[in-house]
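Per-entry structural report
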Amino acid sequence: MTSMSRARVARRIAAGAAYGGGGIGLAGAAVVGLLLAEAQLARRHVNGVGEHHRAPHADGRYGRTYDAPGTPAAPPLRLVLLGDSTAAGQGVHRSGQTPGALLASGLAAVAERPVELRNVALPGAQSDDLDRQVALILGTSDQVPDICVIMIGANDVTHRMPPTRSVRHLSAAVRRLRTAGTEVVVGTCPDLGTIEPVPQPLRWLARRASRQLAAAQTIGVIEQGGRTVSLGDLLGPEFEENPRELFGPDHYHPSAEGYATAAMAVLPTLCAALGLWPEEERPDVSRREGFLPVARAAAEAASEAGTEVTAAMPTGPRGPWALLKRRRRRRVEETEPSRPAPDQASA
């Protein structure tokens, strides 16, 4: 599917989400039986191989070195992760390998102050669970998080949730968090076409559906004042080149190296949202950055890993506009020696 076609579909999905439209089908009825059969086989394979069904607990305080005596006291930044198993870190053995721990450690190093991490993500969650997760965050503390990271969408595709409904729930969650005063970064739906057990033609359709949803998610998030980072293609090339290293034991969830790759893509946007990342005055034209209509920026981002989209001009000749930035991304082996060790209060 071309970028322009994906932009048109994303606009329709986002409009349906905003105005209460119905679902948009992605596959004809003639292939539904085949796809369901293949999906069940793939799911049995994934569930049968995986041994660790619970994500490690990683909540706690990171960057304790900045609490040392003699250093200026600074209140900790409050970071919250919401979403599904990817946000929770399912598939790894140690808490320090989860995306939450990696992001908290990296954020503490950049900000030079401690970070309090809380993770309310639920393995298996779909976007309709975000209402419950947001309520947990906003209803149990007087302190609003400084920033929330949401990773959601894969289960919406595999469970055939209408994309309009999926985007509606995500947009509502972002709106509630932004209204409360917290920054929001959303890692959009990952590229399910990279999952090893999934055969064709389900694999091709999964890729198409996940990229369409990612683009529509971006439109919904930008409209509510959040930022997005595309995870769709992020792990795709690495997974296809070396799936044994970047997939976990179940060949479905990322391994420690896979989560590190994702965290390194999200961290710059996390820091930029908090004003901690040095920003260029103008988009880098050589990297194909620039101001685009929101739908086109969303479609472009869905096709390239680690691409950030944030709101720009309120309106333009073709509607709302967004700034598309292709954050510099390093491979796992280049970041491994300097990756901050998780420094937490609780295991």
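Each value, and the rule that gives it
- Residues numbered from 1 in each chain as written.
- Predicted model: local features only at pLDDT ≥ 70, side-chain atom pairs only at ≥ 80, totals over all residues.
- Heavy atoms only, no water.
- Patch = residues over 30% accessible without salt bridge, like charges linked within 9 Å, V, L, I, M, F, W, Y side chains within 5 Å.
- Areas by Shrake-Rupley, 256 points an atom, 1.4 Å probe, with all protein chains shown as cover.
- Salt bridge = Lys/Arg side-chain N within 4 Å of Asp/Glu carboxyl O.
- Buried < 20%, exposed > 50% of the residue type's maximum accessible area, 1.4 Å probe, protein only.
- Core = buried A, V, L, I, M, F, W, Y, C linked by side-chain atoms within 4.5 Å.
- Helix = DSSP H or I, 4+ residues; strand = E, 2+ residues; numbered from the N terminus.
- Contact = heavy atoms within 4.5 Å.
- pLDDT = per-residue confidence, 0-100.
- Pairing = 2+ DSSP bridges.
- Expected span 1.5 Å × (residues − 1).
- Axes fitted to C-alpha atoms, helices over the stretch in contact; angles between N-to-C directions.
- Parallel < 35°, antiparallel > 145°, perpendicular 65-115°, else oblique.
- Left-handed = near helix turned anticlockwise from the far one by under 90°.
- Arc of directions from axis to C-beta.
- Polar contact = N/O pair within 3.5 Å; in protein donor to acceptor, adjacent residues only side chain to side chain.

**A closer look at a nonpolar patch on the surface**
Side chains of V110, L276 and W277 sit close together on the surface and give an oily, nonpolar patch of about 210 Å² of accessible area. Judged by its relative accessible area of 31%, W277 falls in the partly exposed class.

**Some thoughts on the nonpolar core**
If you look at the biggest cluster of nonpolar residues, it comprises 34 residues, and the most contacted ones within it are L79, L103, V149, V266 and L270. Secondary structure elements with two or more residues in this core: β2 (77-83), α3 (85-88), α4 (99-111), β3 (115-119), β4 (147-151) and α11 (256-273). Looking at this core, the element that brings in the most residues is α11, giving 10 residues. Apart from residues lying up to four places away in sequence, L103 is in contact with L79, L81, V149, A263, V266, L267 and L270. Ranked by size, the runner-up nonpolar core spans 23 residues in total, among them V157, C189, L292 and A298.

**Details of the confidence of the model for the chain**
When pLDDT is averaged along the chain, the result is 76, and 66% of the positions lie at 70 or above. With pLDDT under 50 throughout, residues 45-52 is counted as low confidence; its partners more than four residues away or in other chains account for 13 contacts. With pLDDT under 50 throughout, residues 330-347 is counted as low confidence; its partners more than four residues away or in other chains account for 37 contacts.

**Let's talk about the pairing of β4**
Consecutive side chains of a regular strand alternate in pointing toward one face of the sheet and then the other. The element β4 is extensively covered by neighbouring structure, given that 5 of its 5 residues are classed as buried. Because side chains alternate across β4, one face comprises the buried residues I147, V149 and M151, and the other comprises C148 and I150, equally buried. Two strands pair when backbone bridges link them, and β2 and β4 are joined in this way by 5 bridges, in the parallel orientation. Note that in β4 the partner of G83 across the bridge is M151. Note that β4 and strand β5 (residues 183-187) share 5 bridges and pair parallel. Bridged to I150 within β5 is V186.

**Notes on α4**
Note that an α-helix has 3.6 residues per turn; residues three or four places apart therefore point the same way. If you check α4, its first and last C-alpha atoms are 18 Å apart, about what 13 residues at 1.5 Å a residue would give, namely 18 Å. Within α4, 11 of the 13 residues are buried, which leaves the element mostly enclosed by the surrounding structure. Inspection of α4 places P99, G100, A101, L102, L103, A104, S105, G106, L107, A108 and A111 among the buried residues, and these make up the whole buried set. Close packing links the buried residues of α4 with β1 (60-62), β2, α3, β3, β4 and α11.

**Details of the packing of α4 against α11**
Remark: α4 packs on α11, axes separated minimally by 9 Å, with the N-to-C direction vectors making an angle of 40°. Put simply, α4 runs oblique to α11. Seen along the crossing, α4 lies across α11 with a hand that is right-handed. The segment α4 lies against α11, with P99, L102, L103, G106, L107 and V110 engaging Y259, A260, A263, V266, L267, L270 and C271.

**Brief notes about unusual backbone geometry**
Even without being a glycine, E112 presents a positive backbone phi close to 55°. Among the secondary structure elements, E112 is positioned in the loop between α4 and β3. For R160, which is not glycine, the phi torsion reads 60° and is therefore positive. Checked against the element boundaries, R160 lands in the loop between α6 (154-158) and α7 (163-180). Note on R160: relative accessible area 59%, which makes it exposed.

**What about helix α5 (residues 130-139)?**
What α5 keeps buried is the set L130, Q133, V134 and I137. Seen from one end, α5 has its buried residues packed into an arc of 95°, which puts them on one side.

**Considering the environment of T182**
With respect to the element layout, T182 can be found in the loop between α7 and β5. Once the C-alpha coordinates of T182 and G226 are considered, the two residues, 44 residues apart in sequence, prove to be 9.5 Å apart. Residue contacts for T182: discarding those within four places in its chain leaves V144, P145, D146, I147, C148 and L177. From its side chain, T182 meets the backbone nitrogen of I147 in a polar contact 3.4 Å long.

**Here we look at the environment of I150**
For I150, the location among the structural elements is in strand β4. For I150, a relative accessible area of 0% translates into the label buried. For the pair formed by I150 and T86, sequence separation is 64 residues and the distance between their alpha carbons is 9.6 Å. Each residue touching I150, except ones within four places of it in the same chain, is listed here: L82, L130, L170, V174, L177, V184, V185, V186 and G187.

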